[in-house]
Amino acid sequence: YSQSRTVKGIVTSGSTNFPLAFANVSIKYTPYGVSTNFDGSYEIRLQESETTLIFSYQGFKTQEVVVTKSEINIVLQEDITKLDEVVLIGYGSSSRKDLTGSIGSLKSKDLDAVRVTSVDEFVQGRVSGVVLTQTSGQPGGASSIRIRGTSSILAGNEPLYVIDGVIVESSNSMQSSGIADGPPINAMSNINPADIKSIDVLKDASATAIYGSRGASGVIIIKTKRGHNGEVKVDFDSYLGVQTVNKKLKLLNGAQFAHYINEANYNAGMPRLYTDPTAFGEGTDWQDELFREAIIQNYNFSARGGNENVKYALSGSYLGQEGVVQGTDFNRMSFRANLDFKLSENVSLENTANISRINFNTVNTEGSTGLGRGSFVSRTYDFSPLLPVVTENGDYTKANYMVDNNGSFVNTIENSNFVGGTALVNPLAEIALNESKGKNTRLMNNLVLKWELRKNLHFKSSLGVDLLFNDESVFRTVQLDFSPSRQANALRAKQLSSNWVNESTLRYTNTFNNKHNLNSFVGFSAQQFEVDNLSGIALGFPVENFGTDNIGLGEQPTIGSGLTKSALLSYFGRASYTYAGKYIITLTGRYDGFSGFGENNKYEFFPSAALAWNISDEGFMEDSSVFSHLKLRLGYGEVGNSALGAYSSLSRYRKSIHYFGGEPAPGFIPSSAANADLKWEVSQQYNAGLDMSFFDSKLGITIDVYNKKTEDLLLNLPTPLQTGYSIATINAGNVENRGIEASLDGKIFTGEQFEWSANVAVSYNENEITNLAGLDQISTGAGVNVIDGWQRLVEGGEIGAFFGYVSDGIAQLDDNISSIPHFLTETLVPGERKYKDLNGDGVINADDRTFIGNPNPEYSFGISNTFRYKAFDLNLFIQGVYGNEIVNFNRYNIEALDGRSNVTLEAFSNRWTPNNPSNTFTRAATGQRVARFSDHFVEDGSYLRLKSITLGYSVPASYMTKTGINRMRFYVTGKNLFTLSDYSGVDPEVSVGGQDNNLSAGGDFGSYPSTQTLLFGLNFNF
Amino acid sequence: TFYKTETDARLAVNGIYETLGGGAFNRNWEGVYFNNYWTAVALMSDEGIPGPLSYDANYMQLANYSLGPTNAVVANIWSDFYTSINAANLAIDNIPNIDMDTNLKSRLIGEARFLRGLFYFELVRMYNHVPLQLHATTSFNAESYLARTPSDKVYEQIIEDLTFAENNLPEEFTGKDKGRPTLWSAKAYLAKVALTLGNWQTAANKTEEVMAGPFGLWADYKEAFLIANNNGKESVFSINFDKGTSLELIWEGSHLNFRTMAQEYRAIPGAGGADLEVPTTRVYEVFDDLDRRKSVTFVTEDVINGENVVLSGPHIHKYWDRDAEPSGTPNTINDLQLIRYSDILLMHAEALNEINTGPTAAALNSINQVRERARNNAGTIENTLPDLEMTLSYNQFKEAILLERFKEFVWEGHRWFDLKRFNMFTEKVNEAKPGSAVRSDNVYFPIPQRERDTNTKLTQNDGY
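Report follows, based on the coordinates. (Residues numbered from 1 in each chain as written. Chains lettered and ligands numbered in written order. Predicted model: local features only at pLDDT ≥ 70, side-chain atom pairs only at ≥ 80, totals over all residues. Heavy atoms only, no water.)

### Observations concerning the overall build of chain A
Worth spelling out the cut-off: Counting from the N terminus, the helices are DSSP H or I runs at least four residues long and the strands are E runs at least two residues long. We compute the radius of gyration over the C-alpha atoms and compare it with the globule rule, which gives 2.2 Å times the number of residues raised to the power 0.38. The classification of residues rests on relative accessible area computed with a 1.4 Å probe and restricted to protein chains. Under 20% of the type maximum is buried, over 50% is exposed, and intermediate values are partly exposed. In this analysis, two residues are considered to be in contact whenever any of their non-hydrogen atoms come within 4.5 Å of each other. Two residue types count as positive, namely Lys and Arg, and two as negative, namely Asp and Glu; His and chain ends fall outside the count. Where a charge lies is defined by one atom per residue type: Lys uses NZ, Arg uses CZ, Asp uses CG and Glu uses CD.
Along chain A, the regular secondary structure elements total 8 helices and 53 strands. Taking 2.2 N^0.38 as the reference for a compact globule, 1022 residues should give roughly 31 Å; the C-alpha atoms of chain A span a radius of gyration of 32 Å, in line with that estimate. Dimensions of chain A along its principal axes, counting C-alpha atoms only, are 120 × 65 × 65 Å. Looking at chain A as a whole, 57% of its 1022 residues qualify as buried. Here the contacts in chain A between residues at least 6 apart in sequence split such that 69% fall between residues at least 24 apart. Taking the average place of the 84 positive charges on the side chains of chain A and the average place of its 107 negative ones, the gap between the two points comes to 6 Å.

### Some details on the interface of chain B and chain A
Counted only if it meets this: A quick way to say it: buried area is the sum, across both parts, of accessible area lost when two parts are put together, with a 1.4 Å probe. The term salt bridge refers to a pairing of a side-chain nitrogen on Lys or Arg with a carboxyl oxygen on Asp or Glu at a separation within 4 Å. Polar contact criterion, stated in full: a pair of N or O atoms within 3.5 Å, where within protein one must be able to donate a hydrogen and the other to accept it, and residues adjacent in sequence count only if both atoms are side-chain atoms. In the scheme used here, Gly and all other residues not listed as nonpolar or charged are polar, with Ala, Val, Leu, Ile, Met, Phe, Trp, Tyr, Cys and Pro taken as nonpolar and Asp, Glu, Lys and Arg as charged.
Residue-level contacts link 73 residues of chain B with 64 residues of chain A. The contact between chain B and chain A buries some 5700 Å² in all, and 58% of this surface belongs to carbon and sulfur atoms. Between Arg792(A) and Asp453(B) there is a salt bridge whose closest N-O contact spans 2.8 Å. Here chain B is connected to chain A by 13 residue pairs in polar contact (both at pLDDT 80 or more). Elements with a minimum of two residues in the side of chain B that touches chain A: helix H1 (6-18), helix H3 (57-63), helix H4 (72-94) and helix H16 (449-454) of chain B. Among the residues making up the side of chain B that touches chain A, the classes are represented as 31 nonpolar, 27 polar and 15 charged.

### So, a nonpolar patch on the surface
Heads up, the rule is: The residues that make up patches have over 30% relative accessible area and no salt bridge, and they are joined within 9 Å when like-charged or within 5 Å when they are Val, Leu, Ile, Met, Phe, Trp or Tyr. For every accessible area listed, the method is Shrake-Rupley and the probe measures 1.4 Å; residues are considered covered only by the protein chains on display.
Side chains of Tyr299(A), Tyr318(A), Met333(A), Phe335(A), Ile355(A) and Leu443(A) sit close together on the surface and give an oily, nonpolar patch of about 510 Å² of accessible area. By the element assignment, Ile355(A) lies in strand S21 (residues 347-361).

### Side note on the sheet that holds strand S7 (residues 74-76) of chain A
Residue and element names in this part refer to chain A. Stated formally: The pairing criterion for strands is at least two bridges between them, as found by DSSP. Note on geometry: axes are lines fitted to C-alpha atoms, helical ones only across the stretch in contact, with angles between N-to-C directions running from 0 to 180 degrees.
With respect to topology, 3 strands assemble into an open sheet ordered S4-S1-S7, the strand pairing being mixed. In this open sheet, the two edge strands, each paired with only one partner strand, are strand S4 (41-47) and S7. On average, adjacent strands in this sheet sit at an angle of 35 degrees to one another, irrespective of strand direction. Alignment of strand S1 (residues 4-13) against S7, held across 3 bridges, turns out to be parallel. If you follow Val11 over to S7, its bridge partner there is Ile74.

### Some thoughts on the packing of helix H7 (residues 183-197) of chain B against helix H8 (residues 200-211) of chain B
All names here are of chain B. Our working rule: An angle counts as roughly parallel when it lies under 35 degrees, as roughly antiparallel when it exceeds 145, as roughly perpendicular when it falls between 65 and 115, and as oblique in every other case. Note: crossing handedness is left-handed where the near helix turns anticlockwise from the far helix by less than a right angle, and right-handed where it turns clockwise.
Direction vectors running N to C along H7 and H8 enclose 155 degrees, while the axes themselves pass 8 Å from each other. By the angle class used here, H7 and H8 are roughly antiparallel. In this structure, the crossing between H7 and H8 has a hand that is left-handed. Of H8, the residues touching H7 (which contributes Trp184, Lys187, Ala188, Leu190, Ala191, Ala194 and Leu195) are Trp200, Thr202, Ala203, Lys206, Thr207, Glu209 and Val210.

### Some points on helix H5 (residues 102-127) of chain B
All names here are of chain B. This is how the line gets drawn: A helix is expected to span 1.5 Å for every residue after the first.
Taking 1.5 Å per residue, 26 residues should reach 38 Å; H5 reaches 37 Å between its end C-alpha atoms and fits that length. Within H5, 23 of the 26 residues are buried, leaving the element largely enclosed by the surrounding structure. Following H5 by one or two positions, Asn128 has its phi on the positive side, about 65 degrees.

### A look at helix H6 (residues 151-168) of chain B
Residues and elements named next belong to chain B. Taking 1.5 Å per residue as the helical rise, H6 with its 18 residues ought to reach 26 Å, and the 26 Å between its terminal C-alpha atoms agrees with that figure. Of the positions making up H6, those classed as buried are Ser151, Val154, Tyr155, Gln157, Ile158, Asp161, Leu162, Ala165 and Glu166. Buried-residue contacts for H6 involve H5, H7 and H8.

### Overview of the pattern of salt bridges
The full count for this structure, using the stated rule, is 75 salt bridges over all chains. Between Asp285(A) and Lys248(A) there is a salt bridge whose closest N-O contact spans 3.1 Å. Of this pair, Asp285(A) sits in the loop between helix H3 (254-267) and helix H4 (286-290) while Lys248(A) sits in the loop between strand S17 (230-245) and H3, and the two are 37 residues apart along the sequence. Salt-bridge contacts for Lys192(B) lead to Asp343(B); the nearest nitrogen and oxygen are separated by 3.1 Å. You can see Lys192(B) sitting in helix H7 and its partner Asp343(B) sitting in helix H11 (residues 341-356), a full 151 residues away along the chain. On the basis of relative accessible area, Lys192(B) is assigned to the buried category, the value being 2%. Take Asp343(B): its relative accessible area is 0%, and that puts it in the buried class. Each member of the salt-bridge network shares a partner with another, and the members are Glu234(B), Asp291(B), Arg293(B), Lys318(B), Arg340(B), Arg371(B), Arg373(B), Glu404(B), Glu408(B) and Glu412(B).

The structure is reproduced here in structure tokens:
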């Protein structure tokens, strides 16, 4: 009978200082051991011969301790190598080692270092192969995400978002009933970024095929934080910051503008208006008037904890963001309650709930024109510096009037027309007197039942809902109504977008003979979408005091309502087989049916297969001193794209009205033709990837090569108007995206005092239209600033390629004008722009157009560096794109030199005059030129940008032992502090058309400018 | 599920009419006769130029002949007519299969074919050879891309459609249907088509048939434009307008007043006065001062809010029925009369002059009815515009007819086509707009660039 002794102690986590429950404490060389209790405590009996304890816990480095005393407290250090990382793969998870597809992952530690206001911003530049374009700088504004290029021409290039297992509505248009000015609010802006635990981006088809018809543009899987078994963890984070506009344009001041108008008039044979231009001095700087320093503030509070049976994660947050454009702001309140219940040994329930409320005020920052309502931003560029914002008698200047020699207005609201240059309404007057606002309430809830039927057989069923209430209102005062009717008007709309989903899966996992591992499941899903709206419009308000709150006061109220429904029915499954941890094969399939497709093509099957080989686990690699890990992945899959209107395949009619002798004769007229053959856009994707890690896993490199062939492209084809329709949704042609993407993770230094890690993501993509279904060309490029058809699709070309004239300098005095090819319908004079006669027929006409640029970046990259020195941490994030072009539509106005709008100092200083034979800018001449789309307006869109920089300081723990605070950190973050770009506009990261901008990508016109932000923050937890 | 019942058939035909004029303002869809048609025909000829407040380069380009294939007015007219044609084609394709009253069925198809004939007639006069789409588009395929059909083939189809309408439309509509095309409307267009093609005998026959119908001239030229006389005895075919319900949604009224009214009228609450287009000096000065049509057609000064105001120049005034719409509303309910009875009379004279290479008694009788009416100044018979006599030569009479048409139909959407038909286009334009860049190619619009970009089979007209 040997002597025994008892050892006890507590096991805690090195990173959080929390006790670790269920850590293993075992006796070396024996099968015996115990687990720690909830409070991390353990007690174990050792025989005399037993001298060493082994402490282990999944995800932590194992420690061995020789027993020398009876109380041993152990701090376990986390051990996260990339291989053990859990990656969400859609209806399940996998360790990175067992992964066969191409997936980029961001964990909360990556996310915590940056402060974003919308979830989608996280992925920009941090995941290779993903290009995010912030299409509007408006608070809560839209972005556009392309994973591995643009593979569809119709609005279906946005990835699918899966949040906590629910496929959610990510289309921005569902966020808005379309009444409020400006671009719609970003669909992802409802989610509090601080709630996010991880983001996984599924890129290749073998990974996305489990989402079948919606996998073609990639899938973003978001998981929010949940409770844990252990002590409550309370977290508070707050930041306060100021945002300023990135760049102002240099335009003419008052004196320069008066001088310019004189010259433009003189050149057009009109009298000079101003006897003493210099008397106008600086005049009004409309950009200074519109833009402001805007405050942003954010508060976030969360508590997480629980026990074996109940776990909870609760959080609340408030974001208040003013926009840098006056009159715009965005406020979000969000609440989350994630609860997990263990009902019995084998049944558990998980509920995920998120409620958010957004209030926003917007102004028009989309480029459209008409009714003097063009973008406020472009209006500030156009506005005459001779006009005051507010006149001497306290009224707002109403529109972009001309002023006479004495500074008095030549125009008034009475003699101005309602459209066009003269009646551009004063944006500041609109901000002060009009209203455009909205409220969004979003409720997302998902209830999951998990039932372990047998040891290897798990059943899971979920019911999820995503409800989005939108309420928008617009009021326009009679004081600024330039329409012939001169009436105030009010618009109000409410929209409820609902999305119900029920999914059930049955999963079987088992390991045979320690070598054969099978992980498989089958599932069923039914999802229904519904958009229900109600709107009211009223004109003519005898009193304006009540705005949109009492729309019934209007003299001519009109109401409308609508309902759109669609449904998706799916069966799917996956089987993953691993042999000896070395060879992995994954097979996936999904059979989807969508109500929006044509009668003849409602259902489609989407299969995929992938192989992975952990080469470094082979015997011959065991002694390799180079690789810590080496893996080869090969995958093929077919995925679809069904981002299509609910009724696209049907012929639609709308109500018409006509009067005979004063009596109404109601009728119907067609608005779209049917297409019973409308079918799935299917993309076939090949992917080969190599995962490597070196030097004891300090350096990891992942390289993927892919080829994505999309067939039967869904296309909103501009059709010959002779058919009676301007557009038709059809399947036409194929497009191919080929590319390489690489990411590199390095722990460059890992010392006690100093740590440095870096992450680099680089991708290259090329896009080619391989077939256009027998059409020679498709003219695209939605109308921007009176230019349309500025993009063209041809076989061998790229989606979105710019198509226009090639400018050829300026006609000079000593040119033989009559011999210069020009437009037959115009007379060329010295000082006007010349174009190249590409077909050599002696005249310039539409046949002289060619390809003059394209909006798709060849390379996109992001570099993230994290440093820690003692209590300081520093995160630097640089991001950029290369090889794309931008059409600067703003220059059509601000370089027009046509005596109407203000112009840039550069254009005016370098304008053509007989004494300054400029070859770049035309002469100044009052009148209108026909706007031509030429390479003169196409600019290099490449940029390199210091996207964010954060410096943090954590107060040493020793200072806080008595406060109960675990950790306290101060930080300062700068965003967009520095940009390297040749682009002459405000921001190279821009696009008109918002999220669904495939047919207008790369255009810049009056967009909401992006901002520089400086934030100060505080973060502590108990 | 549509096109099954008699109601569906009625709804389908009624739908075509919305595309003629009025429409949803915020859809940027106006219907061609709402303003583009008559504005373009005036600006392209010697009767119209941009007004003081004109801002839209697209209209200026028409007036100074710098219009190119990207001109938005040219594109909108094309778009509007083909939208209308598709609506007509749907009715023509589907109504025959509906089980319904056969008389109503043939009448409804007759209306649709009348309208389709009218639309193609307008298109072929404006764009020369045009794609001939004769069935509704049900799906898109290679056959959706039509080449331009030679104009003579288009005319064959127009005549076939109008003849069908002539044989299937009633002599008159009453009550709530008054304003729909009648067999007389069809005959009138058959006459105009024949005249355009030089089929003088047909033109003479068809005008004579209409002259035997229930039409006549109002005693005073002014009465032809009174709202009370909409669909009246002088109207052979009109585009009917009305106010509609909500300005923001539907403009069912027309812009006849709004675009052309002088800006000074904005002092009247609710008045239009866009001052976008004004008559040429030439068309104003061609009138004898005592010609009743001059004072009805134009205004140069007026009493506005009790004050006498001299306008910046002559403005078109004839569509403003000041008793019915005292404030000169922006979208008038006054109709646009596409064919007035005086047009029938003048076409009749023109046809007979060609057949006989000189005036005949019947021809003189027709034109003199128009001149006689013009002498009636609200009851007072002025001493002007004497009856024309047999002594006129063929050419003199032809000139006289063109001149009479010039004065009778100012801004009614005829002049550009009349000048083409009389082969006087560049000559007359140069008289009215000296130094303009007018070219003989401007007898047609360019084919819109958007169409040529969309459909490579479309060729361009000469000179663009």
